[in-house]
Amino acid sequence: AARAKELQQQQDPPTYRCLVLTGHGGYDKVKLQVKKGLPALAKGDVLVRVKACGLNFADLMARQGLYDRLPPPPVTPGMECSGVLEALGEGVQERRVGDKVLVLHRCGLWQELVAVPANHTFLMPEGMSFEEAAAIPVNYISAYMMLFDFGNLRPHQSVLVHMAAGGVGIAAAQLCKTVEDVTVFGTASASKHEVISQGGVTHAIDYRSRDYVEEVRKLSPKGVDIVLDPLGGSDTQKAFNLLKPMGRVITYGAANLLTGPKKNLLAMAKMWYNQFSISALSLMQSTKGVCGFHLGYLDVESELVSSAMSKLLELYGQGKIEPRVDSTYHFEQVGDAMRRMQERRNIGKVILLPEPKKEEEAKKEEPKSEKTEETKKEEN
């Protein structure tokens, strides 16, 4: 019987689990599927057995059809993961089977096995967990390049970080601490203030009960040197107005578009109407800078990205940055993971695990709270 089972396994093609965006809409549009065979390795590719994947705001926007770097459905999302190399494609010399790596790629990483170019992988330092590794690429590279490449952050300057308890926010606060005497203003709901203050935020601001512009002006009447703006719309104008002369606003997202599980046309119209715009002459007269950052469009600039990553891994080795994992969800629970992030309940990184959920975990899981009829309608 054992021999028969072994023969059967040899005849059956290998399979791997993956998450697929089947259409645009609510949380249920991302479905768990099983694919047969192995991903094909092109020249210069490596095959990675994925251990952990990162969830990002871009993935939430992609589900709603608001992220143009993701091909149309059906498609596997996911821009970052960590894992172990299982095979090398032709011409790969700088990697070995068994290497533990971080991966940054345009999309397609939410699956158990992925084939990616070797130069999109980075060796994990000793002592780093797979969950930590999956929390680094998108958030820390974004924060690093915005603060140091665009922002030119220097000692004794000040920075406003929105969504300071999110992945980029936590990364930015930690990176600000690597520069002498930098003041960090961070917006987050009150329940998250203790954590972000421990992580490097000098002045935590509850954006739900306070006007963050007024709060910043109270403490720094002249404004700030750098604003990291993931919100878009009217908040970009506020960011520009908050800058000191020679200050820089770096806009890198449109979180104000995400008001519910599905695309909100009213929010889109409001965002478009309030979109910040300025002429070159006004920009010159204000003596301020406006920068736009989108890591998804830097996927061909491998040298730029690799340079930032090598500096980040060096900082990790020195104990100066430490990814904060908020929670982990198995692929089966991807809807719950997306809901946690979209409802801004996370403090740090939400991680997806490709491995199947063990039966004991499923039994221990608490019963889910009753959803309102309105929420059910939104998801359907």
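Quick caveat: nothing in here was measured; it's all calculated off a predicted structure.

Remarks on the overall build of the protein
In terms of helices and strands, the protein carries 14 helices and 15 strands. Compactness check: the protein gives a C-alpha radius of gyration of 22 Å against a globular reference of 21 Å for 380 residues, within 12% of the reference. Dimensions of the protein, computed from the C-alpha atoms along their principal axes, are close to 80 × 55 × 40 Å. Relative to its 380 residues, the protein shows a buried fraction of 52%. For the protein, long-range pairs separated by at least 24 residues make up 69% of all intrachain contacts whose partners lie at least 6 apart in sequence. Accessible area of the protein: about 18,600 Å², with a carbon and sulfur share of 51%. Averaged over its 47 positive side-chain charges, the protein has a centre that lies 3 Å from the centre of its 46 negative ones.

Notes on the packing of aromatic side chains
Aromatic ring pairs are described here by two measures, namely the spacing of the ring centres and the angle between the planes. All chains considered together, the criterion is met by two aromatic pairs. Aromatic side chains Tyr144 and Phe148 sit 4.8 Å apart centroid to centroid with 55° between the ring planes, which places their arrangement in the tilted category. Of this pair, Tyr144 and Phe148 are both found in helix α4 (residues 137-150), four residues apart, which corresponds to roughly one turn of the helix. The buried category is assigned to Tyr144, whose relative accessible area is 11%. Considering the side-chain rings of Phe240 and Phe276, the 5.2 Å spacing of their centres and the 35° angle between planes classify their relative orientation as tilted.

A few points about the sheet that holds strand β11 (residues 224-229)
Ordered by their spatial adjacency, six strands build an open sheet running β10-β9-β8-β11-β12-β13, and the pairing between neighbours is parallel. Looking at which strands have only one partner, the edges of the open sheet turn out to be β10 (203-205) and β13 (289-292). Ignoring strand direction, the axes of neighbouring strands in this sheet form an average angle of 15°. Two elements, β11 and strand β12 (residues 243-251), share five bridges in a ladder whose sense is parallel. Counterpart to Val227 in the pairing with β12 is Val249.

Rules and cut-offs
- Residues numbered from 1 in each chain as written.
- Predicted model: local features only at pLDDT ≥ 70, side-chain atom pairs only at ≥ 80, totals over all residues.
- Heavy atoms only, no water.
- Helix = DSSP H or I, 4+ residues; strand = E, 2+ residues; numbered from the N terminus.
- Rg over C-alpha atoms; globule rule 2.2 N^0.38 Å.
- Buried < 20%, exposed > 50% of the residue type's maximum accessible area, 1.4 Å probe, protein only.
- Contact = heavy atoms within 4.5 Å.
- Areas by Shrake-Rupley, 256 points an atom, 1.4 Å probe, with all protein chains shown as cover.
- Lys, Arg positive; Asp, Glu negative; His and termini not counted.
- Charge placed at Lys NZ, Arg CZ, Asp CG, Glu CD.
- Phe/Tyr/Trp six-rings, centres within 6.5 Å; stacked < 30°, edge-to-face > 60°.
- Pairing = 2+ DSSP bridges.
- Axes fitted to C-alpha atoms, helices over the stretch in contact; angles between N-to-C directions.

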